[in-house]
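As a plain string of letters, each chain reads:
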Amino acid sequence: MRPDQDAGAPQRVLDAVRHDIIFGVLAPGTRVTEAALATKYGVSRVPVREALRALEAEGFVESRPYAGSTVAAIPLDDAEDLFAVRGVIEATIARRAARRAEAQFGADAPDTEWWSARRALTDVLDDGDRAVAADALAELPDLNIRFHLGVAELGGSPSLAALLRQISGKIEWLYAADVDHRGKQSWGEHRLIIAAIDAGNETEAGRLMAGHVDSSQRGYLERFAGPGRGPGGPAGVTGTDAAERG
């Protein structure tokens, strides 16, 4: 099968470029071209064009007529809004997860899917603990979003889980930008949240999750607020054609 006939090519390119943006390989302001990305991923320009459109819709890329596409930055007010929305969604999810946990731990015939999701969360937490111990902080953004989506699965609300998935890429982007500064502390808070969920304590689970998101917001804004500061480099940097060059 030729690369441009691969039905999965647009999604692969989308995931790869999003990953490079989130982890700073493609910094804000960097120009991205169809030709360069097609060469890099061994596909035609068609899946690249589709991926760039999707990334623009997600807010990772900005496109202008006759100017091409560049990697976007996260405006500070957008970051504040994202944290606010996330805090409401995730506190609600945590309370639901605790309510369901109480029912599962007391059930004569517990839900096997729920327990499978709960065991998967233990694996994520263990992987994150090992990454922290090894100072492998670059592994944490992916593990972080897996933890939060895993809690959403425990919550059992498809609507809330879908809302969280819609902003999960941006959450990972914000987390990756600040992981060296707050990653270890932030990761440790996950154990407290899951303990409250396992205890069936809705109030405490919601409080801890809301506090977790609030701490992330305060840490992020303290680090990046102000002139000349922002994730991925100083504000006002126009970026390069690095993606185009290689």
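Scroll up to find the structure.
Observations regarding helix α6 (residues 140–155)
Part 1 of the reasoning: Between the first and last C-alpha of α6 there are 22 Å, a value that for 16 residues agrees with the 22 Å anticipated at 1.5 Å per step.
Part 2 of the reasoning: With twelve of 16 residues buried, α6 lies mostly within the body of the structure.
Part 3 of the reasoning: In this structure, the buried side of α6 is in contact with α4 (76–105), α5 (112–133), α7 (158–198) and α8 (202–224).
Part 4 of the reasoning: One or two residues past the end of α6 sits Gly 156, with phi positive at roughly 75°.

What about the pairing of strand β2 (residues 61–64)?
Part 1 of the reasoning: As paired strands, β2 and strand β3 (residues 68–71) are joined by four bridges and run antiparallel to one another. Of the residues in β3, the one forming a bridge with Ser 63 is Ser 69.
Part 2 of the reasoning: Connecting β2 to the next strand, β3, in antiparallel fashion are three residues, including Tyr 66 with a positive phi near 70°.

Re the packing of aromatic side chains
Part 1 of the reasoning: Summed over all chains, the structure comprises five aromatic pairs.
Part 2 of the reasoning: Relative to Trp 173, the ring of Phe 60 lies with its centre 4.8 Å away and its plane at 35°, an arrangement referred to as tilted. Separated by 113 residues along the polypeptide, Phe 60 in the loop between α3 (45–58) and β2 and Trp 173 in helix α7 bring together distant segments of the chain. Each member of the pair Phe 60 and Trp 173 is classed as buried.
Part 3 of the reasoning: Here Phe 105 and Trp 114 contribute two aromatic rings whose centre-to-centre distance is 6.0 Å and whose plane-to-plane angle is 80°, an arrangement assigned as edge-to-face.
Part 4 of the reasoning: Each residue in the set Phe 105, Trp 114 and Trp 115 is aromatic and connected to the rest through ring pairs, giving one cluster.
Part 5 of the reasoning: Across the ring face of Phe 60, the terminal group of Lys 170 is positioned such that the distance to the ring centre comes to 6.0 Å.

Definitions and cut-offs
- Chains are numbered independently. Their residues run from 1 in the order of the written sequence.
- Local features in a predicted model are, by the rule used here, given only for residues with pLDDT of at least 70; side-chain atom pairs are given and counted only at 80 or more, and totals for whole chains, interfaces and linings are based on all residues.
- Excluded from the side-chain calculation are hydrogens and water; included are all heavy atoms of the structure.
- Strands here mean DSSP runs of E at least two residues long; helices mean DSSP runs of H or I at least four residues long; both are numbered from the N terminus.
- The span one expects for a helix is its residue count, reduced by one, times 1.5 Å.
- Relative accessibility under 20% of the residue-type maximum defines a buried residue, over 50% an exposed one, and the middle range a partly exposed one, all with a 1.4 Å probe and only protein chains included.
- Note on definitions: a residue-residue contact is assigned when non-hydrogen atoms from the two residues lie within 4.5 Å.
- The pairing criterion is simple: DSSP has to find at least two bridges between the two strands.
- When two rings of Phe, Tyr or Trp (its six-membered ring) have centres within 6.5 Å they constitute a pair, described as stacked for plane angles under 30 degrees, edge-to-face for angles over 60, and tilted for the intermediate range.
- Remark: a charge is flagged as sitting over a ring if the NZ atom of Lys or the CZ atom of Arg is within 6 Å of the ring centre and within 35 degrees of the ring normal.

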